[in-house]
Every structure is written in structure tokens, then in C-alpha cells.
Amino acid sequence: MKSAHGNSNVTELLARAQALHHDLRFENVRAWKERNGGLAVGYLPVYVPRELLWAMNVLPVGVVGGGDQVEIIRGDAYYQSYICHLPRSTIELGLNGALDVLDGVLFPATCDVIRNLSGMWMMQFPDKYVHYLDVPQDFDTGVGGAFYRHELLEIAGALEARGARPLTDAALRAAIAAYDANRREIEALYELRRREPWKVPTHELYLVLKAGLVLPVDEHTMMLEDYRRLVIRDDARRPLDQARMLITGSFCEQPPIGLIKTLERAGCYIVDDDLVAVHRWIRGDVASLAPGQPPLDALVEAFLRNGVPSAIRYIDQDKKGRDLVERVRASGAEGVVFCAASFCDPALLDQPMLVGALDAAGIPWTSFKYAENTGQFQVIREQAGTFADSIKLWSGA
Amino acid sequence: MSMANPTTSKRPPAEARKDESQERQKRMIGEHFHELARAPQTGRKCAYTFVPGNLTELLRSFDVLPVLPEINALQSGMRGKSRDYIALAEKLGHSEDVCTYVKCDVGMLRSGNVGPTGERLPNPDLLLLSYTGCFTFLKWFEILAQEYDCPVVMLHVPYQGDGKITDAMRKYVVDQLRSKVIPAFEKITGRAYDEDLLKEHLARSARAEDDLVWVLESAKHKPSPIDAYFGGVYYIGPIFSAFRGTEAAIGYYKELRAEVEERLREGRGPVIPDGELEHEKYRVVVEGPPNWTSFREFWKMFTDEGAVVVASTYTKVGGVYDFGFRHDPSRPLETLAEYCMGCYTNLNFPSRVDMLSRYVREYSADGFLINSVKSCNSFSAGQLMILREVEKRTGRPGGFVESDLVDPRYFSASNIKNRLESYFQMIAQRRGSDAGPTAGPTAGMTAGGAR
Ligand code: SF4
Ligand code: SF4
């Protein structure tokens, strides 16, 4: 039976997600703009408050590089060999016209590479709206919060000047509600995967999450609902003898899907991760965070209070690594795989501190690096396989 | 990420110098490290902090001594110690991909935390994390926070993403100073914030800054009496580190200025490792930090060709003073905020390109060179675009070499030398055809360097 949302089986749904993933010319975004007459604004990893854009009838479009599908022709002339891959494929997409459909791009304060890319974009694409979204590292409402609030209003003003609908409280409330529903649905899928990882293979979940980078939020929420409903009743999905892993470090440049499949084939169930991190950057609902206050305050509070502890956020020394250990416990993971992009400063600088926390908690871990266009997984497969085996052996002992 | 201490490098380039200012700087630095070493006995408090966005006047107003881990790292590079320190840090699990200053510092810490003068550095009473122009700083102090039992205070300095400082940005920094940074100092020292004292320090800063700018701008003369990169790292020493706002810094810059005035009057070229440059053949602007492990060798590759660096961006990482900014005692916290936001690596790309283009023109440079260091994404990510843009705007050729700050594995002397030689030859050939350093647009040497 076909659902009201239009997906009658997982294969069909995943084919759609896959098609979106492969569509590096953003045809779906183009179509949305034609239908709705709104603007489309891209955003780099990791986090931007998409609610603000959506409330102004602006489609937020996640730009996470070109993955393994873009041939780098000019991008290497912009970046030295010791810089991660994401900016070179992103600039390649900009130069080859793939991002022409975007009316602007937001560059959040993730790292120095994305920061510098914002200025390069200004010079390369002078007609587009470009903004470096400086998110606070001070988390007091009156200090960092006031600064962040101002940033958001500035973005809203700039978008309005470019033809977006004016920001109203009512529209922002509705947008927050739409994203809250999306977050809840994603959380439900993660919960299902924690419980029954065989029902939600991560290489599928990954595609479904990636679809959320380009789909309008409501449509994506429907896709998530459909996917969950369909996999729950798919009895062919049976448990295997796999080791439960949490993967971390992949919050920005995204690993190739082949890498995820490799980990799964090597005997790992991924039971928690930080893939496509924008979706889970805010924990819990936003709507309820500033009761009786304008919805913008709730959005600000969400960033200050409920943002995930991450490598790109300042963490008090006594809390460093604590969140990772808690996530390991909560997900029932038996080990951690540090899986970071090569040359990714935030992830790689963070790693020794997280390792310290894991070691103190007696949690086994392994680590490797990738680039978004890595094509060879043999070494990773062997490493992950050995790690998974050792965990199974240990837990069976 | 800054200046060298001429007292301690293995074969210090300053040995060949006769300038009294150099001797004075040696003494100042020596005394500072000695005071630090004695801090556990004297009870003086110390704060670890960074060069860009440093709040030296505020620290001094609380009688707190600064320790700058970047300086310790570069010192370790010059003293030939960084290789082992980095190896130790990598053994401890730090990635080969990340900034080598951090690893050098971790290695030094784990090897007894002995500073450049051979005396042990005190443990910090406070880690003042001034997040200015570099994301790595944040991680660096998270790492240090695990090593020391002391408070950390974060000062997040917003980036000039749109190429300007807005009221909201200024207010954000001032609010943090008032509500976080000052109370942290009050707590560790037991003293109350004394704004009048801070103002006195700031007034002294401005006086020294005037003389520093005069010295840097002396390179507009032909021949230039200074080298504004290799020599420049010495000149910025006091003001970028522990001495901004002190009488000692005023004295140093006054003396330095007098020496440079004399060189100018006499039409002499800059001091170089082997004495003095007699014939200025090429004038170049340099973008990017120097390499510290082969500092002297690198410098010599320039002087052997008769090349003088007339302006550099690296000498602006701890403050950009030559476009008019001065610390203003009448607005003490606002001026500190503006200082922090104005440091070079806190400027956006269009501003960096403007600045370099302006230097090339105003200093009548034949071209500009980028030393792209593997460690530093803040500087390096996107420099190839800077290269092309500045070439386009100025019509002068750009050159590109790659090395690292303190990891000797990434300094390939023969590669860099070859590249520099060809670069200078190209300038010479163009002069031949153009009869002057005003060549037309060029593809320059835009390929990568010493890989
Ligand atoms: S992969 Fe890491 S270093 Fe590269 S852009 Fe993303 S966060 Fe920055
Ligand atoms: S990344 Fe660059 S600016 Fe940051 S600490 Fe390292 S050398 Fe300094």
C-alpha cells in the first residue's frame, strides 16, 4: 500500500534519497524555487538555524562538498595538499555552476577553513549573498546570546533586502514547529537504530539524512516517517552478530557512503554517530525554550543551552569527553571509531582529549581518517574488522 | 605565532648585529623569563595566553605575568628542540595533520616545561583563551586545561567576516571582558580592577606603537634600512609579547627608531645574518609566518639574492598598527576589543588581499611571496587565491613556497631555494624587458611549493 506520503517501499524511498544525493546540480532546489518563488540559501557545515530561513520562505540548502562524485578540476588550484577536501570540492561546485541556483551561502564559524572560504566566496561570487555566521563561544544569554541574536537579525535583514519574506513571529513559530517535528522524527529513527540496528542500517539512514539537506523540512519529515514505518515492518531485516559502534569526528566533511558500508560489512553496527550533524545539533524541542518570549529568543536559547558538545564548541575542562562517554553508554556501544576527515583541525585536535576520556572509562576505540572522495577501503575494512572481532571476543569472554 | 628571542636561538641571526636595541631586547626577555621562573617563590601570578588578541595591559594592571605558548614553540623551533617535542606529542596521540605549535608545546610541557632561557616555566594561575583569528587556539587551551589545575577564561573575539567592526561585535567583546575576564583576574589576584591603571598602560602602548609604525614604514625608503619580515620579527618582539604598555617597551622602540633613523641618514641597508645588505636588488612583500627551524637559512636565501622584505603580514598578527589603530586610553575596554578584532588573522579575505596589494604599491615592491605553512589553516587556507588576486590587482608577480613553522620535516631547503632563485630571476628578466619593476599582469609562480 502506498502511504499518504508517496513511498510504498524502502527501495523506492531510498532510490529517491539516492537521487537527491547524486543530484549535484540541485534540480530539486530549482524546482522548489520555481514553485514557491522563494530564495534558496546554502549553508556549510556544521550548524545554521535553518528555522530562520524557512520562516522567510527561504529554502536552506546544506552544502557539504562534492563527496566522491565531483572531479576536481579547478579546486586544487585553490587549496594546498594539506587542507581537507571539502573546501576544494565546494569551490569546484561553485565554479562549475552547480551552485548557481543558490541566492547566497552562509558560512558558519566551524573552523578556519570554512571561515576563510567565506571571504573567498565573496571575492569569487560578488553578486551572491555571503555571510560568515559567527556563532558565540560564550553561552550566557546576555553576552553570547545577545551577540548571536544580533547576527540572526542581520541575516534576516539581508535576506529581506534580497526579496525574502519579512521575518514575523508567527512564521518563525511555525518554522520552529516544523523543525522540531523533524528533529523528533530523526531522534525516533536513532532510537530505533539503537534498539534494533539491523532495522536501520546506517548506509540507509545516512542517505535519508542527506536528503534533509536539500528537501523542504516538511517533505523530509514525511520521508523520515515513511522510512521508519517501512523498516519497522520489514521482517526480512534480521539481527546479525555485529559489534555495536559509535562513530565520531565526521561532523563536517562527510565520509563516502562506501566507507559506511565498509564498516557495516566489517562487522559493525553503528549505533550512534555525528553524520550530517546539522540535524542533531540542537537536542530536543526548540519551541518550549523561551516560554512567553518571542520565538527568536527560543532559537537563541536552543543554540546556547541545547547545542551538542562538539569539537567546534568551547567545552569547560571538567566536561570534556563526558558527553561522548555518556553517548557510548546510552547507545549501548561497545566501542568507538574515530572517523575524521584528513587534515580536519577541530576533529583531530579534539581526538586525544576524547581518547583520554574513553580510556579512563575503559571504552575501547580505534581511529582512521578519510577524505570525502576516498575510494579504497581495504585498510579500513581490515582495521574495523579486527576491532569488531576483538570486541565480540571480549564481550563473549 | 610570533617573534624570536635573539638570546637563545642556536645560531642567532642577531649575533651579527651591533644594534644596542637588540641587546636591550635580549635583556628584557631574559628578565621576563627569569621573573617567570621565580614566580613560584615570589608569588606573582601568571596567565598563559596567545599573541593575537593578547590583553597585556590588562594583565599588567593586575600585575599578572604573561606566558605565550606560541613564543615558546617558535623558540623551541629555533633551538632545535621542536623535532623531539613534536615526535613526543605525536607519540601521545596527537595527529600529524594539526598545527605543530600545539604539538611542540605539548611536547615541551611533557618534557619539563623548560623555557627558552633554560629555566622552568611556572604553571599557569589562569589560562586566558583569547580566541582571536584562529580556531586552533580554542583546542590548544582545552588540551592545556587538562594538564593544569587552574581556571580557564574564554574571550571569544568575533571575526571581521564583513570586513568591519560593528557595534554589536565591540559590545560582545567588552561584555565578555567585563563579565568574565576581569572577574577572573580579580579572583586569581585578589585585586580589584583598576581602570585608571589600565589607562596608564594603554597610553604607554600607544607611544610605543607610534615608534614601531615609524620603523616599519621606514622600509618605504630606497634602499630600505630594515628587513620587515626576518628583521621584523625581532622588531615586533616586545610589543607583541609581554611588554606592550610598559616603559621598557617605550625605551626599546625609541632606541630602535633612533638606530633606524641613523641607518636611513647614512643610506645603509638592513642588518642581515652576515652583517649588512649592501645592494638592495629586489624589494618584496611577504605573506605568511616564517619557518623557525631554518630561520637563518631561509633568510639567507633572500639576502644571497639581494632581496629585502619591505613589508609583511606576519608582523601584523599581534596587531595592525600601520593603518592608524592605536590603543586609546580614553576608551579602555573598547580599545582592547578593537585591538583584538583588528589582528591580521582576524581580517577577512578581501581585507587581506587589500592589505597585501596596498603594501606592494606603497612599498614599491617588485613582487610578493607567500610562505604557506602547513600548520596554519588560519593563514594558509585560500592563500593560492590571495596569490592570484594580488597579482591581478598589482600587476606584480607572486611567488609561492611551502614550509612549516616548527616541524623541520616540512622545510625542504633545496626546493625552496630553487623556487626563490627562479622567482628572483623572473623579476630580473622582467625588469630587463620592462625597464623597471612595473611589470604587467602575470601568471607568476602560482604552482605549489616544496611538497
Ligand atoms: S573538514 Fe574539518 S577542517 Fe575541513 S572544513 Fe570541515 S571542520 Fe574545517
Ligand atoms: S593554527 Fe596558525 S594561528 Fe593557530 S596556533 Fe597554529 S600557527 Fe597559530
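## Re helix H11 (residues 295-306) of chain A
All names here are of chain A.
- Here H11 is 12 residues long and its end C-alpha atoms lie 15 Å apart, about the 16 Å a rise of 1.5 Å per residue gives.
- Across the 12 residues of H11, 10 count as buried, placing the element largely inside the fold.
- Those residues of H11 not exposed but buried are Pro295, Leu296, Asp297, Ala298, Leu299, Val300, Glu301, Ala302, Phe303 and Leu304.
- Residues of H11 that are buried in the fold lie against helix H3 (50-55), helix H6 (141-161) and helix H7 (169-195).

## As for the pairing of strand S7 (residues 335-341) of chain A
Residue and element names in this part refer to chain A.
- Counted residue by residue, S7 has seven buried out of seven residues, so it is predominantly covered.
- Of the two faces of S7, the one lined by Gly335, Val337, Cys339 and Ala341 and the one lined by Val336, Phe338 and Ala340 are each fully buried.
- Here strand S5 (residues 243-248) pairs with S7 via four bridges, running parallel. Within S7, the position partnered with Leu246 by the bridge is Val336.

## Observations concerning H6 of chain A
Residue and element names in this part refer to chain A.
- In a regular helix each residue adds 1.5 Å, so 21 residues correspond to 30 Å; H6 covers 28 Å between its end C-alpha atoms and thus fits that length.
- The set of residues buried in H6 consists of Val143, Gly144, Gly145, Phe147, Tyr148, Glu151, Leu152, Ile155, Ala156 and Leu159.
- Remark: Gly163 follows H6 within two positions and exhibits a positive phi of approximately 110°.

## Some thoughts on the nonpolar core
- Of all hydrophobic cores here, the largest spans 296 residues; its most connected members are Leu55, Tyr101, Phe185, Trp292, Phe302 and Phe424 of chain B.
- Per element, the largest residue contribution to this core is 10 residues, and it comes from helix H7 (residues 167-189) of chain B.
- Residue assignment places this core across two domains, with domain 1 (24-170) and domain 2 (241-274 + 310-397) of chain A each supplying three or more.
- Excluding residues within four positions of it along the chain, Leu55 of chain B makes contact with Leu128, Leu155, Leu177, Val181, Arg244, Leu336 and Cys340 of chain B.
- Residues Leu246, Val271, Val328 and Ala333 of chain A belong to the second largest nonpolar core, which totals 14 residues.

## Remarks on the side chain of Asp19 of chain B
Residues and elements named next belong to chain B.
- By the element assignment, Asp19 lies in the segment before helix H1 (20-42).
- No salt bridge is formed by the buried Asp19. Its closest oppositely charged neighbour is Arg263, at 4.1 Å.
- With near-sequence residues (within four places) excluded, Asp19 lies in contact with Glu259, Arg263 and Val271.

## Looking at the site of ligand 1
Residue and element names in this part refer to chain A.
- Around ligand 1, the neighbouring residues are Cys84, Thr110, Cys111, Val113, Ile114, Cys252, Glu253, Phe343, Cys344, Asp345 and Pro346.
- Looking at the shell around ligand 1, the elements that each hand over two or more residues are helix H5 (112-124) and helix H13 (345-361).
- Here the shell around ligand 1 gathers at least three residues from each of two domains, domain 1 (24-170) and domain 2 (241-274 + 310-397).

## Things to note about the state of the cysteines
Residues and elements named next belong to chain B.
- Inspection of the entire model under this criterion finds zero disulfides over all chains.
- Between Cys104, a free cysteine, and Cys99, which holds the nearest cysteine sulfur, the sulfur-to-sulfur gap is 9.6 Å.
- Overall, Cys104 belongs to the buried group, its relative accessible area being 0%.

## Considering the interface of chain B and chain A
- Opposite the 58 residues of chain B that make contact, chain A presents 51 residues.
- Its largest share of buried area at the contact with chain A, chain B owes to Phe135, Asn377 and Met385 of chain B, together 14% of the area lost on that side.
- At the junction of chain B with chain A, the criterion picks out 24 residue pairs in polar contact (both at pLDDT 80 or more).
- For the side of chain B that touches chain A, a count of residues per class yields 26 nonpolar, 18 polar and 14 charged.

## Some points on the sheet that holds strand S8 (residues 365-370) of chain A
Residues and elements named next belong to chain A.
- Overall, parallel pairing links the four strands, which are arranged S6-S5-S7-S8 in an open sheet. Both edges of this open sheet fall to strand S6 (268-272) and S8, since each of them pairs with a single strand only. Pairwise comparison of adjacent strand axes, ignoring direction, gives a mean angle of 35° for this sheet.
- Each of S5, S6, S7 and S8 is contacted by helix H10 (residues 257-265), which is oriented at about 115° to S6, the strand it contacts most.

## What to know about the domain arrangement of chain A
Residue and element names in this part refer to chain A.
- Here chain A is partitioned into domain 1 (24-170) and domain 2 (241-274 + 310-397).
- The distance between the C-alpha centroids of domain 1 and domain 2 comes to 28 Å.
- Carbon and sulfur atoms supply 60% of the area that domain 1 and domain 2 bury against each other, a total of about 1,400 Å² over both sides.
- Of all residues in domain 1, His85, Gln137 and Phe139 bury the most surface against domain 2, accounting for 30% of the area lost on that side.
- Taken together, the connections running from domain 1 to domain 2 amount to zero salt bridges.
- Applying the counting criterion to the domain 1 and domain 2 interface returns eight residue pairs in polar contact (both at pLDDT 80 or more).
- By residue class, the composition of the side of domain 1 that touches domain 2 is 10 nonpolar, eight polar and one charged.

## Focus on the pairing of strand S3 (residues 126-131) of chain B
All names here are of chain B.
- The buried fraction of S3 amounts to six of the six residues, a majority that puts the element mostly inside the structure.
- Burial of the side chains of S3 extends over both faces: Leu126, Leu128 and Ser130 are buried on one face and Leu127, Leu129 and Tyr131 on the other.
- Here two bridges tie strand S1 (residues 46-48) to S3, and the two strands are oriented parallel to one another. Residue pairing across strands places Tyr48 opposite Leu127, the latter belonging to S3.
- In this sheet, strand S4 (residues 152-156) lies alongside S3 in parallel orientation, the contact comprising five bridges.

## Focus: the pattern of salt bridges
- Going through the model one piece at a time under the given rule, you end up with 67 salt bridges over all chains.
- In this structure, the salt-bridge partner of Lys320 of chain A is Glu142 of chain B, at a minimum N-O distance of 2.8 Å. Of this pair, Lys320 of chain A sits in the loop between H11 and helix H12 (322-331) while Glu142 of chain B sits in helix H6 (residues 136-147), each in a different chain. Of the two residues, Lys320 of chain A and Glu142 of chain B, neither departs from the other in class, the shared state being buried.
- With a closest N to O distance of 3.7 Å, Asp274 of chain B and Arg296 of chain B form a salt bridge. Of the two residues, Asp274 of chain B sits in the loop between strand S5 (271-272) and strand S6 (275-276) while Arg296 of chain B sits in helix H12 (residues 295-303), which places them 22 residues apart along the sequence.
- Where salt bridges share partners, they join Glu187, Glu191, Arg194, Arg195, Asp272, Arg280 and Arg327 of chain A into one cluster.

## A word on the sheet that holds S4 of chain B
All names here are of chain B.
- Taken in spatial order, the four strands line up as S2-S1-S3-S4 in an open sheet, and their pairing is parallel. Two strands bound the open sheet, and with one partner strand each, they are strand S2 (65-67) and S4. Between one strand and the next, the sheet's axes are offset by a mean angle of 25°, whatever the strand orientation.
- Note that S1 and S2 share three bridges and pair parallel. Each residue of the ladder has a partner; that of Cys46, found in S2, is Leu65.
- Lying over the sheet, H6 contacts S1, S3 and S4, oriented at roughly 165° with respect to S3.

## Here's the deal with unusual backbone geometry
- The residue after Pro45 of chain A, namely Val46 of chain A, is reached through a cis peptide bond having omega 10°.
- Its location among the elements puts Val46 of chain A in the loop between strand S1 (39-43) and H3.
- With omega at -5°, the peptide bond leading from Lys222 of chain B into Pro223 of chain B counts as cis.
- Tracing the backbone through its elements, the reader meets Pro223 of chain B in the loop between helix H8 (195-217) and helix H9 (232-235).
- Phi at Asn57 of chain A is positive, roughly 60°, even though this residue is not glycine.
- Assignment of secondary structure puts Asn57 of chain A in the loop between H3 and strand S2 (58-62).

## Some points on the confidence of the model for chain B
All names here are of chain B.
- Model confidence for chain B is summarised by a mean pLDDT of 92, while 92% of its residues fall at 70 or above.
- Predicted confidence is poor over residues 435-451, with pLDDT under 50, and the contacts of this stretch with residues over four places away or in other chains come to 53 contacts.
- Confidence estimates for the predicted assembly give a pTM of 0.95 and an ipTM of 0.96.

## Some thoughts on the environment of Arg149 of chain A
Residue and element names in this part refer to chain A.
- Looking at the element boundaries, Arg149 is found in helix H6.
- For Arg149, a relative accessible area of 28% gives the class partly exposed.
- When the C-alpha atoms of Arg149 and Glu301 are compared, they prove to be 9.6 Å apart, with 152 residues separating the residues in sequence.
- Apart from the residues within four sequence positions on either side, Arg149 is in contact with Pro294, Leu296, Asp297 and Val300.

Parameters at a glance
- Residues numbered from 1 in each chain as written.
- Chains lettered and ligands numbered in written order.
- Predicted model: local features only at pLDDT ≥ 70, side-chain atom pairs only at ≥ 80, totals over all residues.
- Heavy atoms only, no water.
- Helix = DSSP H or I, 4+ residues; strand = E, 2+ residues; numbered from the N terminus.
- Expected span 1.5 Å × (residues − 1).
- Buried < 20%, exposed > 50% of the residue type's maximum accessible area, 1.4 Å probe, protein only.
- Contact = heavy atoms within 4.5 Å.
- Pairing = 2+ DSSP bridges.
- Core = buried A, V, L, I, M, F, W, Y, C linked by side-chain atoms within 4.5 Å.
- Domains from an automatic or database assignment.
- Lys, Arg positive; Asp, Glu negative; His and termini not counted.
- Salt bridge = Lys/Arg side-chain N within 4 Å of Asp/Glu carboxyl O.
- Near = heavy atom within 4 Å.
- Disulfide = S-S within 2.5 Å.
- Buried area = accessible area lost by both parts, 1.4 Å probe.
- Polar contact = N/O pair within 3.5 Å; in protein donor to acceptor, adjacent residues only side chain to side chain.
- Nonpolar A, V, L, I, M, F, W, Y, C, P; charged D, E, K, R; others polar.
- Axes fitted to C-alpha atoms, helices over the stretch in contact; angles between N-to-C directions.
- pLDDT = per-residue confidence, 0-100.

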